[in-house]
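A structural walkthrough
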Amino acid sequence: MRKPFTLSLKFTFTLLVFFAIAGCDAIAPASPTPDVLATVVAQTLTAMPNSEPVVLSTPISATFTPIPLTFTPIPVSITATSTPPIGGTNFFFTNAENVNLRVNPGRLFQVSRVLAKGTRLQVLGKAPGGQWLNVVNDEGVVGWVGKDFLEGRPNERNLIVVNPTDVLTITGQVIDVNGNPVNGIGFAAVQGDKRDDAITDEAGMFYIFLPAKFTGAWTVSFVSVACPSTTMDANCNCLNDTCGKPDPEIVTAMLPLSMPLSFIWK
């Protein structure tokens with residue numbers, strides 16, 4: 001006859017604990033024990049690659065030391081010349097007594113100052129044709145003087161051309177039979193007792209400037225040949241002993257002039 005199946009108290013308690021633990025695992029995982037955590041950390045560190053530690057040989061400083069800046073000026077050399085630069089400060093002096101400083105380039109314009117010999121003037125430019133220079137005196141008065149009245153005249157090639165305003169202009173050109181310009185040929189413009197003169201420049205052009213009120217008929221005539229001129233030799237004698245003249249020698253110009261006058265040197 002079989003003995004009835006019996007469990008000891010100790011064994012029964014053990015089974016109850018086992019089933020309780022199994023039931024809890026089915027609901028949520030148990031928290032790892034300290035030994036398990038130590039094992040995971042050790043494995044993670046072992047899996048990391050080996051690298052040398054970064055060591056700063058010089059500690060980083062938060063202090064900024066500015067770099068001093070130095071400036072060395074570049075020397076500029078200015079060479080004085082006998083010709084005043086445009087708008088420059090070189091001066092020229094009148095070479096005669098009672099030189100007229102006029103409001104425009106011409107002998108029929110008003111005189112603003114009468115200058116003594118040796119009066120200092122700054123040259124600002126020249127009128128077309130180059131016979132009149134635009135100047136300013138030490139008072140700051142701007143006007144015009146004939147170029148022949150300045151000692152050590154400036155080089156005309158280096159001067160700007162200043163066109164006068166509120167004027168009438170008689171202009172013309174002299175060329176030879178080959179079409180080349182003839183310089184140094186003098187003309188006079190006359191109306192009643194009023195007269196002014198001009199000489200042809202390197203382009204064969206002459207310019208006579210008159211006040212704007214002097215309209216009407218003016219007589220323009222050939223009056224002289226200057227030295228130097230393309231019609232003269234180095235001794236100021238007519239080339240080949242033949243002195244020429246313009247054709248025509250005299251014309252009537254109605255002002256305002258519609259176009260330049262034309263002359264052929266023969």
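Quick look at the sheet that holds strand β12 (residues 216-225) now. Pairing in this open sheet of four strands is antiparallel, and the strands run β10-β9-β12-β14 from one edge to the other. Only two strands of the sheet have a single neighbouring strand rather than two, namely β10 (194-199) and β14 (250-255). Mean inter-strand twist for the sheet, computed between neighbouring axes without regard to direction, equals 30 degrees. Across six bridges, the pairing between strand β9 (residues 185-191) and β12 is antiparallel. The residue of β12 that forms the bridge with Val190 is Thr219.

Residues of the protein chain with pLDDT of at least 70 account for 67%, and the chain-wide mean is 78. Note that residues 1-31 has pLDDT below 50 and, in this model, two contacts with residues that lie over four places away or in other chains.

Now for the pairing of β10. Bridging between β9 and β10 involves six bridges; their strand directions are antiparallel. Considered in β10, the bridge of Gln191 is made with Lys194. What sits between the antiparallel neighbours β9 and β10 is a turn of two residues, in which Gly192 has the positive phi angle 60 degrees.

Now for the pattern of salt bridges. Working definition: two side chains of opposite charge can pair if their charged atoms are close together. Under the criterion given, the structure shown has nine salt bridges. In this structure, the salt-bridge partner of Asp197 is Arg107, at a minimum N-O distance of 2.8 Å. Here Asp197, found in strand β10, pairs with Arg107, found in the loop between β2 (99-102) and β3 (111-115); they are 90 residues apart in sequence, far enough to count as distant. By relative accessible area, Arg107 is classed as partly exposed at 44%.

Basis of the calculations
Residues numbered from 1 in each chain as written. Predicted model: local features only at pLDDT ≥ 70, side-chain atom pairs only at ≥ 80, totals over all residues. Heavy atoms only, no water. Pairing = 2+ DSSP bridges. Helix = DSSP H or I, 4+ residues; strand = E, 2+ residues; numbered from the N terminus. Axes fitted to C-alpha atoms, helices over the stretch in contact; angles between N-to-C directions. pLDDT = per-residue confidence, 0-100. Contact = heavy atoms within 4.5 Å. Salt bridge = Lys/Arg side-chain N within 4 Å of Asp/Glu carboxyl O. Buried < 20%, exposed > 50% of the residue type's maximum accessible area, 1.4 Å probe, protein only.

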